[in-house]
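Remarks on the overall topology
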Amino acid sequence: MNTAPAFWQFGCFAAGAAGAACQLSGLLLLLIACGVLFCCWLGRGTFIRHFSSLLLTLAGYCLSCLFLACPWETYLRQMPRQEGYAQLFLRICEAPALPSELQELSSGREKWHAEILAMRNHLNATWQPATGKVLLQSSKAMRSQLQQLELGQMLIAEGCLLLPPSENSPGGYYGRHLRIIGIHRVFLLQAIRRRLGTDTGLQIKTTRWLQKIRGVLALHLVSGLDHPDAARMLLALGLGMKELLRSETNQRFIRSGTIHIFSISGLHVGMVVLLAESFFRSCGLALRLRWFLLVPMLLSYLLLTGNSPSVLRAFNMSLLFLYACWRFRPPSALNSLGFSGLLALIGNPLYILHSGFLYSYLIVMVLILAWGPIREGKAVLLERRHWIPRQYQGWHRLEGTLANLAAALASSALAWLGSAGITLRINGQLCLLSPLINLPLGSTVFLILAFCPLKLLLAFVCPAAQKFSNGVAVVLLNSLQFWAETAADSSLTWNAVPFSNLENFLYHLALGLWLLLITAKYQEKQRAR
């Protein structure tokens, strides 16, 4: 608590936000408050620390209640019923970035979000100002018109405002996702009455410009690639276009417990930092200049890959790390994680229910807390190297490689433990082979990310070399599918009974207590030395 205050503040704020978002009873909310005070007491916090912790928990609860009420969604108050017909004056605020030349790669899972500017219904024939955001859907007959809508386009459309899938329906998970991002109705498009041009605001212009760049990069990244599934996976890994993946591919990676590789997160950001740092070092740039240039590099990567919660978390953590290094101060991973999470929840406290947010933060938190004991175990494995003379070590020189492999396997197993509860809660599937499969899978993803800039460069400079680059890309992407199929079809992968919310909470509580115990023992050993 004293060495990572931002992480403690993030925990208090997240506890309050979760209490409101999950709509817990008064008794459970009281237990959350008592738990916060108990943790303060264990950390020997002062009265000010106890009071500020409760205030942060209350602030998270109140802000989450505000986002659940959504007073800015004024169109809901103008609806005579929960569902019904309406005419809407819309502005498209999110549309697919896939260029028209690559429409054959479309999986049908692309989404269009629209902001409501005004509305009218059968009870009020005059246009009334309204605000809010809806998801656009259409019938097969209207699908071609929906695909023609571009970012920033304004139009008058008519259709039905429908509730998202309920919690107990087959699509309940997607309905919860829509509510988290502030969408309370699905607009089933029946007709587009008039197109009114395109918004020329600075934000829309900037977003359209970024989307155009993203489309050009996508076109050159998969140019000449004759394998549609390989092209979809390459776009998902390189530019974050995971909505292009077919449902069969998604299910294969979900069943193998490796779907996280397509969510741009800390793994990808860390690889990009490593590649960029190596490139800058090879150019002979000074240390501080290299760290300074990494910031615009990461910002560009964030904007071009869709600005998801996981990549935003990794970007914020990397920014804090780079700032500490630039000042020649020791960075704190746990503090950076807490500050990044606090910023994300202040922007939208309902992210505490977002599966990507939970996966990202839980896995990183588990790895940070367990890294000290893992490093100590690695040092124990290599202890003999310090007292055996080099000329007599012989095969013991391989111990370094074996120790690194053991540390990587332990990290992968702990990351799997951190995400197993959410995987059981959402998917009801468990793959015991996943910790082992993630090792070659991570190496393959690193090679693909390192190869993407080279492939783009060859596409722009030497198109004749695309045959070779496409062959290399297909081999790497086929290896990804091989590892996923190996795990998905393994006897160690099975369907399980999904966790309830209570079981999921108890599982992560037990895991957290175990991690805190081994971390406390490790810190005691460090202080004794």
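Relevant structure appears above.
All values reported here derive from a predicted model rather than from experimental measurement.

Rules of the game
Residues numbered from 1 in each chain as written. Predicted model: local features only at pLDDT ≥ 70, side-chain atom pairs only at ≥ 80, totals over all residues. Heavy atoms only, no water. Buried < 20%, exposed > 50% of the residue type's maximum accessible area, 1.4 Å probe, protein only. Helix = DSSP H or I, 4+ residues; strand = E, 2+ residues; numbered from the N terminus. Pairing = 2+ DSSP bridges. Contact = heavy atoms within 4.5 Å. Axes fitted to C-alpha atoms, helices over the stretch in contact; angles between N-to-C directions. Parallel < 35°, antiparallel > 145°, perpendicular 65-115°, else oblique. Left-handed = near helix turned anticlockwise from the far one by under 90°. Nonpolar A, V, L, I, M, F, W, Y, C, P; charged D, E, K, R; others polar.

Bringing the pairing of strand E5 (residues 153-162) into the picture now. The two faces of a sheet get side chains in turn, since along a regular strand they alternate between them. Taken across its 10 residues, E5 has 8 buried, putting it largely inside the fold. In this sheet, E5 lies alongside strand E1 (residues 84-94) in antiparallel orientation, the contact comprising 8 bridges. The residue of E5 that forms the bridge with Leu-88 is Ala-157. By the bridge criterion, 9 bridges tie E5 to strand E6 (residues 186-198) in an arrangement that is antiparallel.

Looking now at the side chain of Ser-64. Tracing the backbone through its elements, the reader meets Ser-64 in helix H3 (residues 47-69). Judged by relative accessible area, Ser-64 falls into the buried class, the value being 0%. Ignoring any residue separated from it by four or fewer positions in sequence, one finds Ser-64 in contact with Ala-17, Ala-20, Ala-21, Pro-349 and Leu-350.

The geometry of helix H8 (residues 247-255) relative to helix H16 (residues 466-488) is characterised by a closest axis approach of 8 Å and an angle of 60° between their N-to-C directions. The angle between the axes of H8 and H16 places the two elements in the oblique class. Read as a crossing pair, H8 and H16 show a hand that is left-handed. Of the residues in H16, those touching H8 at Arg-252, Phe-253 and Arg-255 are Leu-480, Gln-481, Ala-484, Glu-485 and Ala-488. Of the residues assigned to the contact of H8 with H16, the class counts are 4 nonpolar, 1 polar and 3 charged.

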